[in-house]
Amino acid sequence: MDKKIVKKKWTLKRIATYGGIAVFVLFIGYQFIFADRRSRVKVEKDKITISSVQRGVFQEFIPQTGTVEPSRTVYLDAVEGGTIKRVVAESGAMLKAGDVILELSNLNTELSVLGQEAQLSESINRNRDTRLGITRNDLEQRQTLALIDNMLAVLEPQYRREKQLFEKKLISKQAFEKTEADYRYNIERRRITYEVYRSDSVDRIRQLREIKIAENRMSQNLEGVGKILDNLVIRAPIDGQLSRPQLDAGQNVTPGQRLGQVDILGSYKVRVPIDELYLPRIMTGLKATTSFNNKDYALEITYVYPGVTAGRFEVDMHFTGDTPPGIRRGQSLRLRIELGQSSEQLLLPVGGFYKDTGGNWVFVLDGEDQAVRRDIKLGRKNTENYEVLEGLKPGDRVITSSYENFGDNEVLLLN
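Predicted, not measured: the structure shown is a model, and the values here were computed from it.

**A word on the packing of aromatic side chains**
Right, so step 1: One pass over the structure, following the stated rule, counts 13 aromatic pairs.
Right, so step 2: Consider the rings of Tyr159 and Phe176, whose centres lie 5.9 Å apart with planes at 20°: the pair is stacked. Placement of the pair is Tyr159 in helix 2 (residues 107-167) and Phe176 in helix 3 (residues 173-230), with a sequence separation of 17 residues.
Right, so step 3: Accessibility expressed as a relative area gives 9% for Tyr159, which makes it buried.
Right, so step 4: The class of Phe176 is buried, set by a relative accessible area of 8%.
Right, so step 5: Considering the side-chain rings of Phe353 and Tyr354, the 6.5 Å spacing of their centres and the 75° angle between planes classify their relative orientation as edge-to-face.
Right, so step 6: Residue placement shows Arg336 over the ring face of Phe61; its charged tip is 3.8 Å from the ring centre.

**Here we look at the sheet that holds strand 10 (residues 240-243)**
Right, so step 1: Overall, antiparallel pairing links the four strands, which are arranged 5-12-10-7 in an open sheet. A single partner strand is all that each edge strand has here, and the edge strands are strand 5 (73-77) and strand 7 (94-95).
Right, so step 2: Sheet topology places strand 5 next to strand 12 (residues 258-263); five bridges connect them, and they run antiparallel. By the bridge assignment for strand 12, Leu76 is matched with Gly260.

**What about the sheet that holds strand 18 (residues 343-349)?**
Right, so step 1: With antiparallel pairing, four strands are arranged side by side in an open sheet as 3-18-22-21. With one partner strand each, in any of the chains shown, strand 3 (54-58) and strand 21 (377-381) form the two edges of the open sheet. Neighbour to neighbour, the strand axes of the sheet diverge by 60° on average, direction disregarded.

**Here's the deal with unusual backbone geometry**
Leaving glycine out, the prevailing phi sign among residues is negative, and the prevailing peptide bond configuration is trans.
Right, so step 1: One non-glycine residue, Lys169, lies in the positive phi region at around 60°.
Right, so step 2: Inspection of the secondary structure puts Lys169 in the loop between helix 2 and helix 3.
Right, so step 3: By relative accessible area, Lys169 is classed as exposed at 74%.
Right, so step 4: Positioned with a positive phi, Asn294 is a non-glycine residue whose angle comes to about 65°.
Right, so step 5: Structurally, Asn294 is set in the loop between strand 14 (287-292) and strand 15 (295-304).
Right, so step 6: Assessed through its relative accessible area of 81%, Asn294 is described here as exposed.

**Topic: the pairing of strand 24 (residues 411-414)**
Right, so step 1: In terms of strand pairing, strand 1 (residues 40-43) meets strand 24 through four bridges, oriented parallel. The residue bridging Val41 from the neighbouring strand is Leu412, located in strand 24.
Right, so step 2: Bridging between strand 20 (residues 370-375) and strand 24 involves three bridges; their strand directions are antiparallel. The partner of Val372 across the bridge, within strand 24, is Val411.

**Structural notes on helix 2**
Right, so step 1: Helix length check: helix 2 (61 residues) gives 89 Å between terminal C-alpha atoms against 90 Å at 1.5 Å per residue, within 8%.
Right, so step 2: Capping of helix 2 at its N-terminal end is provided by Asn106; its side-chain oxygen lies 3.3 Å from the backbone amide nitrogen of Asn108.

**A short note on the environment of Ile148**
Right, so step 1: Secondary-structure assignment places Ile148 in helix 2.
Right, so step 2: In this structure Ile148 comes out as buried when scored by relative accessible area, which is 0%.
Right, so step 3: Non-local contacts of Ile148, meaning those with residues more than four positions away in its chain, are made with Asn186, Arg189, Arg190 and Thr193.

**What to know about the nonpolar core**
Right, so step 1: Within the largest apolar cluster, 23 residues are counted, with the highest numbers of intra-cluster contacts made by Leu392, Ile399 and Tyr403.
Right, so step 2: Elements with a minimum of two residues in this core: strand 18, strand 19 (361-366), strand 22 (385-390), strand 23 (397-399) and strand 24.
Right, so step 3: When residues of this core are assigned to their parent elements, the largest contribution, five residues, is made by strand 19.
Right, so step 4: Sequence-distant contacts of Ile399, defined by excluding residues within four places in its chain, comprise Ile48, Thr49, Ile50, Phe353, Phe363, Leu365, Ala371, Phe406 and Leu412.
Right, so step 5: Of all hydrophobic cores here, the second largest spans 22 residues; its members include Val272, Leu286, Tyr297 and Phe319.

**Examining the side chain of Asp263**
Right, so step 1: Tracing the sequence through the fold places Asp263 in strand 12.
Right, so step 2: Among the polar contacts listed, one links the side chain of Asp263 to the side chain of Gln261, at a separation of 3.1 Å.
Right, so step 3: Not counting the four nearest positions on each side in its chain, Asp263 is found in contact with Pro70, Arg72, Thr73, Asp239, Gly240, Gln241, Ser243 and Arg329.

**Topic: the pattern of salt bridges**
Right, so step 1: A full pass over the atoms with the stated rule returns 33 salt bridges.
Right, so step 2: Ionic pairing is found between Glu368 and Lys45, a salt bridge with its closest N-O pair at 3.3 Å. Remark: Lys45 occurs in the loop between strand 1 and strand 2 (50-52) and Glu368 occurs in the loop between strand 19 and strand 20; sequence separation between them is 323 residues.
Right, so step 3: Given the relative accessible area of 44%, Glu368 is considered partly exposed.
Right, so step 4: Note on Lys45: relative accessible area 29%, which makes it partly exposed.
Right, so step 5: One connected set of salt bridges, linked through shared partners, spans Glu69, Lys269, Arg271, Glu314 and Asp316.

**What to know about the packing of helix 2 against helix 3**
Right, so step 1: It is the contact of helix 2 with helix 3, at a shortest axis distance of 7 Å, that shows an interaxial angle of 165°. One way to sum up the angle between helix 2 and helix 3 is to call them roughly antiparallel. Here helix 2 and helix 3 pass one another in a crossing that is left-handed.
Right, so step 2: Within the contact of helix 2 with helix 3, the residues separate by chemical class into 26 nonpolar, 17 polar and 19 charged.

Calculation criteria
- Residues numbered from 1 in each chain as written.
- Predicted model: local features only at pLDDT ≥ 70, side-chain atom pairs only at ≥ 80, totals over all residues.
- Heavy atoms only, no water.
- Phe/Tyr/Trp six-rings, centres within 6.5 Å; stacked < 30°, edge-to-face > 60°.
- Helix = DSSP H or I, 4+ residues; strand = E, 2+ residues; numbered from the N terminus.
- Buried < 20%, exposed > 50% of the residue type's maximum accessible area, 1.4 Å probe, protein only.
- Lys NZ or Arg CZ within 6 Å of the ring centre and 35° of its normal.
- Pairing = 2+ DSSP bridges.
- Axes fitted to C-alpha atoms, helices over the stretch in contact; angles between N-to-C directions.
- Expected span 1.5 Å × (residues − 1).
- Polar contact = N/O pair within 3.5 Å; in protein donor to acceptor, adjacent residues only side chain to side chain.
- Contact = heavy atoms within 4.5 Å.
- Core = buried A, V, L, I, M, F, W, Y, C linked by side-chain atoms within 4.5 Å.
- Salt bridge = Lys/Arg side-chain N within 4 Å of Asp/Glu carboxyl O.
- Parallel < 35°, antiparallel > 145°, perpendicular 65-115°, else oblique.
- Left-handed = near helix turned anticlockwise from the far one by under 90°.
- Nonpolar A, V, L, I, M, F, W, Y, C, P; charged D, E, K, R; others polar.

What follows is the structure, given as structure tokens:
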């Protein structure tokens, strides 16, 4: 009798098939839910720059280039025009204050000075004659008063004696009346003369004071006129080194023309042009450093020029310690001008990444074989470092070279 064979529902083949499908579905699900789908790109490690984030002193400064100038310069400008008569000192000569540099000749100026001197001398002489006349008149009035007093000294006792004799009828009335008339005439004469003298004395004091003031003024004018000719001789105003353009005898010079300058040697300042962007932050007292012959020197801003030309303003800086030996006028120095107080901050070295990210994100190394994009926040910047505000911690290694070839990838595979 035949036996019915029951067909097995879960054969090994079917189990294997469904198992494979289940594994495939689970794999796809895992990939869909858990797998890292960030875009990646391979990068050669030796073509990038990796910098470490670390704590350090942050000093905000700006690099600038300044020009060495003497700390004090006096310019030589022609006060009077004329023709160069003689050149005494050559450019580069060391001068003492008062040394003659060159002489000018100007016939018109010389004749004008002589005429003015003659007029002033004549006016001074007239004033002196007037003063002498006033003094002579004062003397004559005093002599007249002295003469009247002398006559009264004789007439007064004579009058008193004759009056007593007349009262006793010992002399004639005619003789007494003559003496009395002379006495009373001289008393009245003295009164009138003294009143005139007193009135003239007040006016005389005023006149003499005005004459003295006028004479002093004319003497000063005469002295000033004489100095006009001194202006035809150009002298060194201070001790220093002369710098001047080429000047030759016979060359014409106009009033106000710059004939050169005298510089004090051994003491220098640095004139620095700075972009107007920094004008609100630049003030006297700010420090700076420069390197000369592999040695650092300190400077300080001592003056800020108020004008802005072509988008730049200038400051003067003086050395606060030693002056670099061997520097010369006109030499350029590279400076680091500090814009504020230093402070300890988290620092990220400056690199080409900033122009690609704007400082909003960077690639941070995750292990040795890959770098991952991370959002950050940067603050101030100097020529060496950025100030890190958020997103990084000490010891993080960051790719600081350019990101131009990384595209929009979020993970870099380093090999």
